[in-house]
Amino acid sequence: MRGKFITFEGGEGSGKSTHTAALAERLRARGIDCVLTREPGGSAGAEIIRHIILSGIAKPLGVETETILFAAARDDHVRVTIEPALNAGQWVICDRFIDSTRVYQGALGKVDMKLIRSLERVTVGPNVPDLTFVLDVPANVGLARAKTRRGAAAADRFESEAVEFHEDLRRAFLVLAEREPKRIVVIDGRAPRDVVAERIWATVEERLLGGAVAAAETVAP
Ligand code: T5A
């Protein structure tokens with residue numbers, strides 16, 4: 001049986017890396033084989049493109065070119081990592097995916113959504129996420145967390161944008177969630193880590209495991 005595909009979205013420092021890893025660990029503990037991956041990146045070719053984009057060297061080429069670079073990275077990632085895993089019955093947990101392009105390049109970058117949707121059709125095809133979490137935190141909270149985590153390292157291409165840009169990002173993710181409530185679930189990322197993790201797990205149980213894990217845990221000795 002084909003595996004499930006779960007993506008995590010949200011602003012900088014909203015907790016995506018923390019919670020993709022926590023969910024993968026929890027699924028593995030329940031005997032579900034899963035692949036933990038991220039965008040941009042997640043395959044050898046896509047990691048090279050990640051470096052080009054996040055270093056900022058492609059910024060002078062314009063936002064359309066950056067969008068095409070994200071799409072090229074996604075194409076490699078889907079073909080090499082995501083699709084084979086799903087076809088082999090593994091679950092795939094991905095830190096950022098199509099909604100990041102729709103928000104960063106589409107809503108904020110003003111790239112024509114027709115171009116973005118066309119690129120999605122080519123790169124993603126049928127591999128649309130079964131479930132997407134948007135971790136919602138105020139921009140100042142996320143940026144402060146991201147800054148603490150990176151220590152003395154320089155902010156990347158998008159982290160170094162103004163705080164207003166990050167507030168606009170937050171709103172744009174919430175708009176997407178309103179448009180696709182069947183796929184996208186918003187989680188308040190300000191809550192303590194274990195509370196956020198429990199809310200995510202409860203949603204995965206309800207939406208993708210049909211409550212089966214909860215029932216099994218109730219009867220276990
Ligand atoms: N991008 C990406 C596009 O523009 N278009 C696209 O199509 C795609 C795919 C990727 C950049 O590329 C852009 C968006 C991004 O700007 P990245 O380096 O992968 O950049 O960085 P981000 O995805 O933004 O991830 P970050 O690493 O900044 O943040 P995370 O993963 O959301 O946060 P995380 O888990 O590392 O947590 C940050 C800190 O907060 C703590 C953690 O321990 C960590 O120290 N934390 C909490 N603290 C308190 N309470 C909680 N609940 C906490 N949860 C985590």
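Structure shown above.
Residues numbered from 1 in each chain as written. Predicted model: local features only at pLDDT ≥ 70, side-chain atom pairs only at ≥ 80, totals over all residues. Heavy atoms only, no water.

**Considerations on the pattern of salt bridges**
Tallying each qualifying case throughout the model produces 18 salt bridges. Notably, a salt bridge pairs Arg 79 with Asp 76, separated by 3.8 Å at the nearest N-O pair. Here Arg 79 pairs with Asp 76, and both are found in helix α3 (residues 63-87), just three residues apart, close to one helical turn. A salt bridge links Arg 102 to Asp 99; the nearest nitrogen and oxygen atoms lie 3.6 Å apart. Of the two residues, Arg 102 and Asp 99 are both situated in helix α4 (residues 98-108); the distance of three residues between them amounts to about one turn of the helix. Taken as a pair, Arg 102 and Asp 99 share a single burial class, namely buried. Overlapping salt bridges bring together Asp 99, Arg 102, Arg 117, Glu 120, Glu 180 and Arg 183 as one network. (Salt bridge = Lys/Arg side-chain N within 4 Å of Asp/Glu carboxyl O. Helix = DSSP H or I, 4+ residues; strand = E, 2+ residues; numbered from the N terminus. Buried < 20%, exposed > 50% of the residue type's maximum accessible area, 1.4 Å probe, protein only.)

**A look at unusual backbone geometry**
Comment: phi is negative for the bulk of residues other than glycine, and the bulk of peptide bonds are trans. At the junction of Glu 39 and Pro 40, the peptide bond is cis and its omega measures out at -10 degrees in the coordinates. Looking at the element boundaries, Pro 40 is found in the loop between β2 (34-38) and α2 (44-54). Positive phi outside glycine occurs at Arg 96, with the angle close to 75 degrees. Along the chain, Arg 96 turns up in the loop between β3 (91-95) and α4. Look at Arg 96 and you get buried, because its relative accessible area is 12%. Positive phi, close to 65 degrees, is recorded for Lys 110, a residue that is not glycine. Looking at the element boundaries, Lys 110 is found in the loop between α4 and α5 (113-123).

**Brief notes about helix α6 (residues 139-150)**
The end-to-end C-alpha distance of α6 is 16 Å, a good match for the 16 Å that twelve residues give at a rise of 1.5 Å each. Packing partners of the buried residues in α6 comprise α7 (163-179). (Expected span 1.5 Å × (residues − 1). Contact = heavy atoms within 4.5 Å.)

**Digging into the site of the ligand**
Around the ligand, the structure places 27 residues, and the nearest of them are Lys 16, Ser 17, Thr 18, Thr 101 and Arg 149. In the environment of the ligand, an oxygen atom lies 2.6 Å from a nitrogen or oxygen atom belonging to the side chain of Ser 17. Contact between the ligand and Arg 149: an oxygen atom at 2.3 Å from a side-chain N or O atom of the residue. The fraction of the free accessible surface of the ligand (1,000 Å²) that becomes covered by protein chains is 87%. Of all the cavities here, the one that holds the ligand is the largest pocket. (Near = heavy atom within 4 Å. Polar contact = N/O pair within 3.5 Å; in protein donor to acceptor, adjacent residues only side chain to side chain. Areas by Shrake-Rupley, 256 points an atom, 1.4 Å probe, with all protein chains shown as cover. 1 Å grid on protein atoms, 1.4 Å probe; cavity = no way out; pocket = protein on both sides within 12 Å on 5 of 7 lines; lining within 4 Å. Sits in = over half its atoms within 2 Å of the grid points.)

**Remarks on the side chain of Glu 12**
As for its placement among the helices and strands, Glu 12 is situated in the loop between β1 (5-10) and α1 (16-29). With a relative accessible area of 13%, Glu 12 lands in the buried category. Of note is the side chain of Glu 12, whose polar atom sits 2.6 Å from the side chain of Tyr 104. Residues within four places of Glu 12 in sequence aside, it is in contact with Arg 96, Tyr 104, Gly 142, Leu 143, Phe 158, Glu 159 and His 166.

**Description of the layout of surface pockets**
Quantified by volume, the largest pocket comes out at close to 840 Å³. Lining the largest pocket we find 35 residues, and of these Gly 13, Lys 16, Ser 17, Asp 95 and Arg 149 sit closest to its centre. Taken together, the residues of the lining of the largest pocket sort by class into ten nonpolar, twelve polar and 13 charged. (Points joined across faces, edges and corners; volume = space filled by probe spheres on them. Nonpolar A, V, L, I, M, F, W, Y, C, P; charged D, E, K, R; others polar.)

**Considering the packing of aromatic side chains**
Inspection of the entire model under this criterion finds six aromatic pairs. With 6.5 Å between their ring centres and 70 degrees between their planes, Tyr 104 and Phe 173 make a pair best called edge-to-face. With Tyr 104 in helix α4 and Phe 173 in helix α7, the pair connects residues that are 69 residues apart, well separated along the chain. Among the residues examined, Tyr 104 registers a relative accessible area of 7% and is labelled buried. A connected cluster of aromatic rings, assembled from ring pairs, spans Phe 70, Tyr 104, Phe 158, Phe 165 and Phe 173. (Phe/Tyr/Trp six-rings, centres within 6.5 Å; stacked < 30°, edge-to-face > 60°.)

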